[in-house]
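Observations on the three-dimensional arrangement
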Amino acid sequence: MATILVVEDDPGIRTALIRSLSDRGHAVTSSQTGLGGLQQAIDDRPDLVILDLGLPDIDGLQVLSMLRAVSSVPVIVVTARDDDRVTVRALDAGADDYVVKPFGSDQLDARMRAVLRRTQAVAAEGPIVVGALTINAGTRVASLGDEILDLSRKEFDLLHLLAQHKGQVVTKRDILAEVWRHAYGGAERTVDVHLSWLRRKLGESAANPVYLHSVRGVGVRLVDPAQPDG
Ligand code: CA
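With their axes 10 Å apart at the nearest point, helix 6 (residues 153-164) and helix 7 (residues 172-179) run at an angle of 125° to one another. Our classification of the angle between helix 6 and helix 7 gives oblique. As for how helix 6 packs across helix 7, the hand of that crossing is right-handed. Facing helix 6, whose interface residues are Lys 154, Asp 157, Leu 158, Leu 161 and Leu 162, helix 7 presents Asp 174, Ile 175, Glu 178 and Val 179. Of the residues in the contact of helix 6 with helix 7, the class split is five nonpolar, no polar and four charged.

In structure tokens form, the structure reads like this:
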């Protein structure tokens, strides 16, 4: 059982969602507007948010961005059509997964369980230490020595993924699948850009790596500089 916030303006879909989620034993609250939903997500601290992207007062993607500025609550977005550009934007903006209308309650339930399993596993994992780097996925705080790193959501996710596989090469395809939840060959440039931002924040560069070592044509690995081969 989880507490779920449903943000959906269509009364028919909202009612059906509330009913099917309640039938599965969840505690459900709902909002018909984006701003109302944002406020409820902050005040009520649900375990998961189901967010329709087509809302009357404000675009769902904007709601998602504002929510992500203050909360890491898992979010599944609901899109009206199977449009890659919209889903990619939503995933980039911090959605954990998405469903396309019309969707069945079994499909939504499967997505919800996968997202909740993932976030609960991460929260239970405890901080990962690599040299002077500490990455705490539960609090989403990463620090280098005494200094807390000012990382964007994707930079944090990228660093966390590499830390989970410290010492091992992680391919760009795997990074795209895990951090961006999609695997388009053409988007590897996105990984390169985020890696370069992350390097700058760690005070290193591709030419003079300390923690982040690129393996040409394969991917990247995070190493403890005291044990570069470990
Ligand atoms: Ca709608």
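That covers the picture; the talk isn't over yet.
Once that is clear, we can look at the domain arrangement of the protein. Partitioning the protein into structural domains gives domain 1 (3-123) and domain 2 (126-222). Computed from C-alpha coordinates alone, the two centres of domain 1 and domain 2 are separated by 27 Å. In this complex, domain 1 contributes 11 residues to the contact, which on the side of domain 2 involves 11 residues. Both faces considered, domain 1 and domain 2 share a buried interface measuring about 950 Å² in area, 53% of it formed by carbon and sulfur atoms. The largest share of the area that domain 1 buries against domain 2 comes from Leu 91, Asp 92 and Val 122, three residues that together contribute 42% of it.

What follows concerns the sheet that holds strand 9 (residues 147-148). Sheet architecture is open: four strands sit in the order 6-7-8-9, paired in antiparallel fashion. Across the chains shown, the open sheet's two edge strands, defined by having one partner strand only, are strand 6 (128-130) and strand 9. Pairing analysis gives three bridges linking strand 6 to strand 7 (residues 133-136), with the strands arranged antiparallel. Along strand 7, the bridge assignment pairs Val 130 with Leu 133.

Further remarks concern the coordination of the calcium ion. Around the calcium ion, the donor atoms from the protein are Asp 9 (OD), Asp 52 (OD) and Gly 54 (O), and they sit 2.2 to 2.3 Å away. We note that the donor set of the calcium ion lies within a single chain, spaced as D-x42-D-x1-G. Within this pair, whereas Asp 9 is found in the loop between strand 1 (3-7) and helix 1 (11-23), its partner Asp 52 is found in strand 3 (residues 48-52), the two being separated by 43 residues in sequence. Under the relative-accessibility criterion, Asp 9 is labelled partly exposed at 28%.

Per-residue pLDDT for the protein averages 91, and the proportion of residues at 70 or more is 97%. Within the protein, helix 4 (residues 84-92) has the poorest average pLDDT of any element, 84, and strand 3 the best, 98.

Okay, the sheet that holds strand 10 (residues 170-171) next. Reading across from one edge, 10-12-11 is the order of the three strands in this open sheet, with antiparallel pairing throughout. Sheet topology places strand 10 and strand 11 (212-215) at the edges, where each strand pairs with a single neighbour. Where strand 10 meets strand 12 (residues 219-222), two bridges bridge the pair, whose relative direction is antiparallel. Pairing of Thr 171 across the sheet is with Gly 219, part of strand 12. Contacts from helix 6 reach strand 10, strand 11 and strand 12 within the one sheet, and its direction differs from that of strand 12 by about 75°.

We now examine the environment of Pro 225. Structurally, the position occupied by Pro 225 is in the segment after strand 12. The exposure class assigned to Pro 225 is partly exposed, which follows from its relative accessible area of 35%. Between the C-alpha atom of Pro 225 and that of Gly 131, which follows or precedes it by 94 residues, the distance is 6.6 Å. Excluding its chain neighbours within four sequence positions, the residues that come into contact with Pro 225 are Val 210 and Tyr 211.

A few words now on helix 1. In a regular helix each residue adds 1.5 Å, so 13 residues correspond to 18 Å; helix 1 covers 18 Å between its end C-alpha atoms and thus fits that length. When helix 1 is considered as a whole, its buried residues turn out to be Arg 14, Leu 17, Ser 20 and Leu 21. Considered in projection along helix 1, the buried side chains sweep an arc of 140° and stay on one side of the axis. Exposed residues lying more than 90 degrees from the buried face of helix 1 are Pro 11, Arg 19 and Asp 23. Looking at where helix 1 begins, the residue whose side-chain oxygen comes 2.9 Å from the main-chain nitrogen of Gly 12 is Asp 10.

So, how was this worked out
Residues numbered from 1 in each chain as written. Predicted model: local features only at pLDDT ≥ 70, side-chain atom pairs only at ≥ 80, totals over all residues. Heavy atoms only, no water. Axes fitted to C-alpha atoms, helices over the stretch in contact; angles between N-to-C directions. Helix = DSSP H or I, 4+ residues; strand = E, 2+ residues; numbered from the N terminus. Parallel < 35°, antiparallel > 145°, perpendicular 65-115°, else oblique. Left-handed = near helix turned anticlockwise from the far one by under 90°. Contact = heavy atoms within 4.5 Å. Nonpolar A, V, L, I, M, F, W, Y, C, P; charged D, E, K, R; others polar. Domains from an automatic or database assignment. Buried area = accessible area lost by both parts, 1.4 Å probe. Pairing = 2+ DSSP bridges. Donors = N, O, S within 2.8 Å, 3.2 Å for Na, K, Ca; no water. Buried < 20%, exposed > 50% of the residue type's maximum accessible area, 1.4 Å probe, protein only. pLDDT = per-residue confidence, 0-100. Expected span 1.5 Å × (residues − 1). Arc of directions from axis to C-beta. Polar contact = N/O pair within 3.5 Å; in protein donor to acceptor, adjacent residues only side chain to side chain.

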